[in-house]
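Descriptive structure summary
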Amino acid sequence: MYTFRTLTKEDAEQYWRLRLEGLKNHPDAFGHSFDDEQQTPLKEVREGLEGDPESDEVWIGIFDEEKLFGFGQVKPYELSRESHKAMISGVYISPDYRGGTGRALMEALIEEAKQIPDVEQVILAVLSGNEAAQKLYESLGFEVYAEDPDSVKLEDGTYRDDIWMKKYV
């Protein structure tokens, strides 16, 4: 049985190991690169997971007993005129655990976003070429509303578009 919970600074090592795994093994699925991210000290990762006490930003992890195998972030927009929106980002599931757990994690992230006062829309971006993720998001009710061509340049010199998706909650 899998469990979900908010990540804390105590999860930093597991989280960071898993994040770097995702960036290294699936570079075309993320806007950030392994080379850039691996330079981040673990202390900064811990601080990032602690979050700002004034913010509703949260990282949710999915665990197999005590083993973290997936995560994602929910972050509300800060400007008053955009306070009706929250962003889901950084979603990753270890390949050994795929097959329904991505949907479960996304559902948990959407539910978390719904708990943020005034949130009416959940926004996310997926890189072109990541069809499995895009199909999952569409099956959860997200719709494409914009594309940013050649938004990310991969190490091999190819480009990916950011596909922006939205769901009303």
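1. Notes on the sheet that holds strand β6 (residues 143–153)
The strand order across the open sheet built from 7 strands is β1-β2-β3-β4-β5-β7-β6, with neighbouring strands paired in mixed fashion. Here the strands that pair on one side only, and so sit at the sheet edges, are β1 (2–6) and β6. Each strand axis lies, on average, 25° off the axis of its neighbour in the sheet, ignoring direction. Two strands pair when backbone bridges link them, and strand β4 (residues 85–93) and strand β5 (residues 121–127) are joined in this way by 3 bridges, in the parallel orientation. Following the sheet pairing, Ala-86 is matched in β5 by Val-122.

2. Some thoughts on the nonpolar core
A general tendency of soluble globular proteins is for nonpolar side chains to be buried together. Of all hydrophobic cores here, the largest spans 25 residues; its most connected members are Val-74, Ile-88, Met-106, Tyr-137 and Phe-142. Counting residues per element, the ones that place at least two in this core are β2 (58–64), β3 (67–76), β4, α4 (101–114), β5, α5 (131–139) and β7 (159–168). The element best represented in this core is α4, accounting for 5 residues. If we ignore the near neighbours within four places in the chain, the residues touching Ile-88 are Gln-73, Val-74, Met-106, Leu-109, Ile-110, Val-122, Ile-123 and Leu-124. Formed by 15 residues, the second largest nonpolar core is a distinct cluster that contains Leu-7, Ala-12, Phe-30 and Tyr-92.

3. Description of the packing of helix α1 (residues 12–25) against helix α3 (residues 42–50)
Packed helices, taken two at a time, are described by the angle between their axes plus the distance between the axes. At their nearest, the axes of α1 and α3 sit 9 Å apart, and the two run at 105° to each other. Here α1 lies roughly perpendicular to α3, going by the angle between them. Residues Ala-12, Glu-13, Tyr-15 and Trp-16 of α1 form the contact with α3, whose own contacting residues are Leu-42, Val-45, Arg-46 and Leu-49.

4. A look at the pattern of salt bridges
According to the stated counting rule, one finds 8 salt bridges in the structure shown. For Glu-50, the salt bridge goes to Lys-9, with nearest N and O atoms at 3.4 Å. Taken together, the residues Glu-50 in helix α3 and Lys-9 in the loop between β1 and α1 connect sequence positions 41 residues apart. Since its relative accessible area comes to 47%, Glu-50 is described here as partly exposed. In this structure, Glu-37 and Arg-19 form a salt bridge, with 3.6 Å as the shortest nitrogen-oxygen distance. Remark: Arg-19 occurs in helix α1 and Glu-37 occurs in helix α2 (residues 34–37); sequence separation between them is 18 residues.

5. Some words on the packing of aromatic side chains
All told, the structure shown has 10 aromatic pairs when counted by the stated rule. Seen in terms of ring centroids, Tyr-2 and Phe-69 are 4.9 Å apart; in terms of plane orientation they differ by 65°. Their pairing is edge-to-face. On the criterion of sequence distance, the pair formed by Tyr-2 in strand β1 and Phe-69 in strand β3 is long-range, its members being 67 residues apart. Between Tyr-15 and Trp-16, the ring centres sit 6.1 Å apart and the planes meet at 45°, which makes this aromatic pair tilted. Each member of the pair, Tyr-15 as well as Trp-16, carries the same accessibility label: buried. One cation-aromatic arrangement involves Lys-166 over Tyr-145; the distance from NZ or CZ to the ring centre is 4.7 Å.

6. Considering the packing of α4 against α5
α5 packs onto α4 with a crossing angle of 50° between their chain directions and a minimal axis gap of 11 Å. The angle between α4 and α5 places the two elements in the oblique class. Crossing hand, α4 versus α5: right-handed. Between α4 and α5, the contacting residues are Gly-102, Arg-103 and Met-106 on the first element and Leu-136, Tyr-137 and Ser-139 on the second. A class-by-class count of the residues in the contact of α4 with α5 yields 3 nonpolar, 2 polar and 1 charged.

Analysis parameters
Residues numbered from 1 in each chain as written. Predicted model: local features only at pLDDT ≥ 70, side-chain atom pairs only at ≥ 80, totals over all residues. Heavy atoms only, no water. Pairing = 2+ DSSP bridges. Helix = DSSP H or I, 4+ residues; strand = E, 2+ residues; numbered from the N terminus. Axes fitted to C-alpha atoms, helices over the stretch in contact; angles between N-to-C directions. Core = buried A, V, L, I, M, F, W, Y, C linked by side-chain atoms within 4.5 Å. Buried < 20%, exposed > 50% of the residue type's maximum accessible area, 1.4 Å probe, protein only. Contact = heavy atoms within 4.5 Å. Parallel < 35°, antiparallel > 145°, perpendicular 65-115°, else oblique. Salt bridge = Lys/Arg side-chain N within 4 Å of Asp/Glu carboxyl O. Phe/Tyr/Trp six-rings, centres within 6.5 Å; stacked < 30°, edge-to-face > 60°. Lys NZ or Arg CZ within 6 Å of the ring centre and 35° of its normal. Left-handed = near helix turned anticlockwise from the far one by under 90°. Nonpolar A, V, L, I, M, F, W, Y, C, P; charged D, E, K, R; others polar.

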